[in-house]
Amino acid sequence: MLRIGLTGGMGAGKSTVARALADLGAVVIDSDLIAREVVAPGTEGLAALVAAFGADIVGADGALDRPALAARAFGDDQARAKLNAITHPLVGKRTAELIAAAPSDAIVVQDIPLLVENGLAPLMNLVVVVEVDSETRIRRLVEFRGVAEADARARIAKQATDDQRRAVADVLLDNSGAPGEVEAAVGRLWERRLTAFEHNLRTGTPARLHGEIRVVPPDLEWPAQAQRLIARLWAACGSAASRIDHIGSTSVPGLPAKDVIDLQITVSDLDAADCLRDALGAAGFPCRPDVTHDDPVPLPGSTGIDTTVWSKRFHQSADPGRLANVHVRVADSPGQQYALLFRDWLRAEPAVCAEYLAVKRAGEAEAGAAAGADALEAYLTVKRPWFSAAYPRALAWRDR
Ligand code: ADP
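Residues numbered from 1 in each chain as written. Predicted model: local features only at pLDDT ≥ 70, side-chain atom pairs only at ≥ 80, totals over all residues. Heavy atoms only, no water.

S.K.: What exactly am I supposed to notice about the pattern of salt bridges here?
M.R.: Two side chains with opposite charge may pair up if their charged atoms get near one another. Summed over the entire model, instances satisfying the criterion amount to 27 salt bridges. Between Arg384 and Asp295 there is a salt bridge, and its shortest N-O distance comes to 2.6 Å. Taken together, the residues Arg384 in helix 15 (residues 374–399) and Asp295 in the loop between helix 12 (277–283) and strand 10 (313–316) connect sequence positions 89 residues apart. Given a relative accessible area of 40%, Asp295 falls into the partly exposed group. A salt bridge links Arg343 to Asp344; the nearest nitrogen and oxygen atoms lie 3.1 Å apart. (Salt bridge = Lys/Arg side-chain N within 4 Å of Asp/Glu carboxyl O. Helix = DSSP H or I, 4+ residues; strand = E, 2+ residues; numbered from the N terminus. Buried < 20%, exposed > 50% of the residue type's maximum accessible area, 1.4 Å probe, protein only.)

S.K.: Please clarify how helix 13 (residues 334–348) should be interpreted in this entry.
M.R.: Structurally, the α-helix is built with 3.6 residues per turn, so residues lying three or four positions apart point the same way. The terminal C-alpha atoms of helix 13, which comprises 15 residues, lie 20 Å apart, in line with the 21 Å expected from a rise of 1.5 Å per residue. Most of helix 13 sits inside the fold, with 11 of its 15 residues counted as buried. Check the buried side of helix 13 and you find it contacts strand 7 (243–247), strand 9 (261–267), strand 11 (324–330), helix 14 (350–369) and helix 15. (Expected span 1.5 Å × (residues − 1). Contact = heavy atoms within 4.5 Å.)

S.K.: Please clarify how unusual backbone geometry should be interpreted in this entry.
M.R.: Residues other than glycine predominantly adopt negative phi, and peptide bonds predominantly adopt the trans conformation. With phi around 70°, Asp332 is a residue other than glycine that occupies positive phi space. Looking at the element boundaries, Asp332 is found in the loop between strand 11 and helix 13. With relative accessibility at 65%, the residue Asp332 sits in the exposed group.

S.K.: Got a minute to help me understand the site of the ligand in this structure?
M.R.: Lining the immediate surroundings of the ligand are 15 residues, of which Gly11, Lys14, Ser15, Thr16 and Arg145 lie closest. In the environment of the ligand, an oxygen atom lies 2.5 Å from a nitrogen or oxygen atom belonging to the side chain of Arg145. Look at the ligand: alone it shows 560 Å² of surface, and the protein chains cover 84% of it. For the shell around the ligand, the elements supplying multiple residues, two or more each, are helix 1 (14–24) and helix 6 (134–145). (Near = heavy atom within 4 Å. Polar contact = N/O pair within 3.5 Å; in protein donor to acceptor, adjacent residues only side chain to side chain. Areas by Shrake-Rupley, 256 points an atom, 1.4 Å probe, with all protein chains shown as cover.)

S.K.: Just to check I follow, could you spell out the pairing of strand 1 (residues 2–8) for this structure?
M.R.: Taken residue by residue, a regular strand's side chains alternate between the two faces of the sheet. Taken across its seven residues, strand 1 has six buried, putting it largely inside the fold. With five bridges connecting them, strand 1 and strand 3 (residues 107–111) associate as parallel partners. Paired with Leu2 across the strands is Ile107, a residue of strand 3. Pairing geometry for strand 1 and strand 4 (residues 126–131), over five bridges, is parallel. Bridged to Gly8 within strand 4 is Val130. (Pairing = 2+ DSSP bridges.)

S.K.: What exactly am I supposed to notice about the side chain of Ser311 here?
M.R.: Here Ser311 shows up in the loop between helix 12 and strand 10. Within the structure, the side chain of Ser311 is placed 3.0 Å from the backbone oxygen of Thr308, a separation counted as a polar contact. Residues within four places of Ser311 in sequence aside, it is in contact with Leu270, Thr292 and His293.

S.K.: Before we go on, may I ask you to explain the packing of aromatic side chains in this structure?
M.R.: Both the distance between ring centres and the angle between the ring planes are used here to describe each pair of aromatic rings. Counting across every chain of the model gives nine aromatic pairs. Aromatic side chains Tyr338 and Phe387 sit 5.1 Å apart centroid to centroid with 45° between the ring planes, which places their arrangement in the tilted category. Linking Tyr338 in helix 13 with Phe387 in helix 15, this pair joins segments that are 49 residues apart in sequence. What makes Phe387 partly exposed here is its relative accessible area of 25%. Between Phe342 and Phe387 the ring centres are 4.7 Å apart and the planes differ by 65°, which places this aromatic pair in the edge-to-face class. Of this pair, Phe342 sits in helix 13 while Phe387 sits in helix 15, placing them 45 residues apart in sequence. Looking at Phe342, the relative accessible area reads 6%, which means it is buried. An aromatic cluster is defined as three or more aromatic residues linked by ring pairs; in this entry it consists of Trp310, Tyr338, Phe342, Trp345, Tyr356, Trp386, Phe387 and Tyr391. (Phe/Tyr/Trp six-rings, centres within 6.5 Å; stacked < 30°, edge-to-face > 60°.)

Here's what the structure looks like:
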């Protein structure tokens with residue numbers, strides 16, 4: 001099951017996008033609807049609200065009188081906390097029930113207006129944000145939904161900002177165009193990304209780089225993309241990880257790289273790494289059981305190579321729209337240390353970056369000459385010796 005979080009500011013077009021996704025076959029879970037259901041007449045939710053706030057929050061028709069409740073609960077932090085303590089667990093329970101009822105191959109879309117405000121982004125496999133500038137949103141709310149302008153402005157001012165929403169957006173859907181355009185974009189997203197992501201997730205298949213190995217110009221979005229993945233990894237790992245870092249070329253500002261984000265989860269031992277296997281898979285990062293260690297690099301002062309100290313677990317993103325490698329390494333093991341050291345060294349030394357880039361370019365050329373499945377191996381054959389030789393240099397840099 002693929003879990004997608006859908007959000008956007010009021011009037012941006014979440015409902016429009018949710019409808020388009022439902023038409024394509026997604027199971028849509030509407031959090032506003034659930035929030036109303038759990039306090040409908042006759043529910044334990046409504047009874048709990050009456051016990052907390054008094055019988056006069058219920059209207060003559062037996063339904064919750066929202067303005068009356070708002071008058072009690074808003075503007076007073078303690079009362080609002082009490083309200084949330086009653087409703088949030090009920091909404092959570094009902095949401096969990098609906099998710100559990102969805103088929104195992106479902107693409108579940110959770111339409112959550114307050115996804116950012118409630119910190120829910122890391123729990124999703126992918127976050128889709130619908131975006132339109134606030135003046136257009138206000139105009140649409142007034143024109144098509146009959147909301148009073150002052151009301152629309154006041155409510156929008158209380159929500160997360162566009163920047164805060166953009167920070168969690170794996171996919172940003174611009175809905176400033178003509179009606180129908182965003183639906184077409186949703187169709188493309190479904191075709192090109194969501195169905196493949198769902199298939200990969202369900203079958204434990206990492207997404208692959210298609211076509212040739214290409215070193216691309218640095219993308220200014222890489223660090224933000226890495227942070228979104230890291231938040232997701234933290235949600236999956238909890239206290240089993242002691243740190244999670246963006247490593248590799250995409251973590252070095254200005255360095256061209258393959259468009260694959262490398263991340264490192266640091267754990268106490270390999271058993272802890274194995275225990276994370278299923279949680280990481282469900283989060284969108286299936287395990288590659290065939291990869292069990294790094295290429296050993298000769299350690300200064302030691303003769304021979306001890307491969308066991310280079311053991312790791314390796315996962316890759318199932319999302320064809322955002323390739324990522326997740327290395328799970330043991331704290332203070334040489335591989336874990338080298339990944340961090342190498343990144344810091346490259347960040348600090350432009351000359352080393354240039355040298356490394358030249359090696360990558362040579363690898364890219366070799367990969368281009370080799371065909372298909374051999375391309376990555378050809379690329380690595382060029383990179384490996386330089387990487388090994390760089391290790392003592394990086395250590396010397398650290399010691400200086
Ligand atoms: P949300 O669910 O995010 O609050 P809606 O999907 O209800 O937003 O959209 C707000 C209003 O704008 C609706 O009346 C909707 O029909 C309309 N709308 C959505 N997309 C467009 C668009 N591209 N152009 C014009 N109106 C739109």
